[in-house]
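Chain by chain, the residues:
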Amino acid sequence: MTTFHVAVDHLDPGTHDITTTYMGTVDQAHVDRVRAIAALPGSERHVKEAPRHEGAFMVLRDDGDLDVYEPTGPAEHAAPERDALPEAHDETGDLHAGFLGSDSRTLVGAPHGASGPAYIDGVTRFGAQRIGGAMDAPLEPPRAVWHTTESPAGAGYFTSVAAFLVRAGVEPQVIYCPVTDRLGQFGPLNLSARALKNDGTKRTNRTGKVCIQIEVLGRAASPWTKGFDPKTKPNFQRLLTAIRAHDIPDVWPVGAPPATAAAATERPRTTWENKGGHYGHSQIPGQDHWDPGAIDTEIVPGMPRPAGRGTAPDAGSGTYVVKAGDTLTSIAAAHRTTVAVLLSLNALKDADDLSVGQKLKLPTAAPAKPPTPRYEPFPGTASFRAGHRSPLVSALGKRLVELGFGKHYTSGPGPEWTEADRLNVADFQRSRPELAGAADGIPGPKTWAALKIPKL
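Being a predicted model, the structure only gives us computed values, none of them experimental.

## Remarks on the packing of helix α7 (residues 391-402) against helix α8 (residues 419-431)
One can describe the packing of α7 onto α8 by two numbers: an axis separation of 10 Å at closest approach and a directional angle of 45 degrees. Relative to α8, α7 is oriented oblique. Remark: the crossing between α7 and α8 carries left-handed chirality. Here α7 contributes V393, L396 and L400 to the contact with α8, which in turn contributes D421, N424, V425 and F428.

## Comments concerning the packing of aromatic side chains
Under the criterion given, the structure shown has 16 aromatic pairs. Their ring planes at 80 degrees and their centres at 5.1 Å tell us that F228 and F236 sit as a pair that is edge-to-face. Among the aromatic residues, those joined into a cluster by ring pairs are W146, Y176, W224, F228 and F236. Taking the ring centre of F57 as reference, the NZ or CZ of R35 above it sits at 4.1 Å.

## Regarding the pattern of salt bridges
Under the counting rule described, the total for this entry stands at 19 salt bridges. Residue R399 pairs with E402 through a salt bridge whose shortest N-O separation is 3.2 Å. In this pair, R399 and E402 both sit in helix α7, three residues apart, roughly one turn of the helix. Given a relative accessible area of 19%, R399 falls into the buried group. Notably, a salt bridge pairs R422 with E419, separated by 2.7 Å at the nearest N-O pair. Of this pair, R422 and E419 both sit in helix α8, three residues apart, roughly one helical turn. When salt bridges that share partners are traced, they join R61, D63, D65 and D67 into one network.

## Notes on the environment of L348
With respect to the helices, strands and loops of the structure, L348 is situated in the loop between α6 (339-345) and β15 (359-361). Of the residues examined, L348 reaches a relative accessible area of 12% and is grouped as buried. Beyond its immediate chain neighbours, meaning those up to four positions away, L348 contacts L328, L342, L343, D353, L354, Q358 and L360.

## Remarks on the confidence of the model for the protein chain
When pLDDT is averaged across the protein chain, the result is 85; 86% of the residues are at 70 or more. Low pLDDT, under 50, characterises residues 75-98; the stretch is placed with 59 contacts to residues that sit more than four places away or in other chains.

Quick notes on the rules
- Residues numbered from 1 in each chain as written.
- Predicted model: local features only at pLDDT ≥ 70, side-chain atom pairs only at ≥ 80, totals over all residues.
- Heavy atoms only, no water.
- Axes fitted to C-alpha atoms, helices over the stretch in contact; angles between N-to-C directions.
- Helix = DSSP H or I, 4+ residues; strand = E, 2+ residues; numbered from the N terminus.
- Parallel < 35°, antiparallel > 145°, perpendicular 65-115°, else oblique.
- Left-handed = near helix turned anticlockwise from the far one by under 90°.
- Contact = heavy atoms within 4.5 Å.
- Phe/Tyr/Trp six-rings, centres within 6.5 Å; stacked < 30°, edge-to-face > 60°.
- Lys NZ or Arg CZ within 6 Å of the ring centre and 35° of its normal.
- Salt bridge = Lys/Arg side-chain N within 4 Å of Asp/Glu carboxyl O.
- Buried < 20%, exposed > 50% of the residue type's maximum accessible area, 1.4 Å probe, protein only.
- pLDDT = per-residue confidence, 0-100.

Here it is as structure tokens:
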């Protein structure tokens, strides 16, 4: 009969470090009872299978602890990290023997051009904050990805689910409980997470300037936004403020997330690689989940409200009334200014010098002027020969896709000049009367000027 090692993972309420207490071994009959109890209607226990350790499973508990069960048979090496890097790069994932073994992860990666905060004000930090690395495609638009934990919410599940994500090695950057408004982070927002599968050889977690992933406690079949009032959830508002500070637009490029597993079929690779905004786990190439379900896109992310908590000045007054949960950082981000400007304008000595009901002066914005378009200058025809690699080649391909001339791409576009690039350029040239006479697919000054490649 199979026997199992049993341990309990406990998150220290002060440090939020995970400590593991080994409890001994149990037999198959005991495990069967554990699973049966968890399956009872109204049970406060919830079984989660170990994603990369056959036969192992965990039990979420409403008191915040996590029970871990692992077969006692010969230990097999864990499968490679789903976002693993080649040797001698910036991230390693130990292929430790046994599910209850050590979980050593080392990573320090420098963010590339991220514009928003690494951490949300007041967030709970779980673990060593070393889950990811620098983004592979920092010139791609920023995006946010929404998951659901397929677990209960409320009570102590916030910490037991956090322990499960760490134990399973599938951490997002952010975990959020819509019942308690608790918010946690496993790593900085401007580095990658580990909650997505690779799409072939492409590390999906590292797509874009940032790829902020949020695990929300709940189930896809019962969308967590039903009955959810964001006005009463200051931590949810802080989360949205941080997302917007990273220049992630309030759009869903593939549309609203699907309402059923059967409907989760649209995962357009070109859209994912070229469009910033919000995505469901179900909408990303290389994935097989359908979470987060039919969440309300009027709430996630909604639009910045014209008045209220941490969003905009009181109408016509040029001032803002401080609400509960506001910080000077969130107010500055919402009004596209800086903490330093608010401190000076209001004669405040420090950023903590706030009280509910206090009126803050806001900087008067000058009349907006249309931005002057900035385009890349023509780099010369030598940039468009077979095998040449350049960020400009990627930018050219993305612009062709935006204009509807990407049909010859089977993947990408990427930084290396290929025949697919040439054929797409030729299609574009033929569409323009002034260029059709020389539709050889090699960009010259006139073709380049007509494409209007945005400045990198």
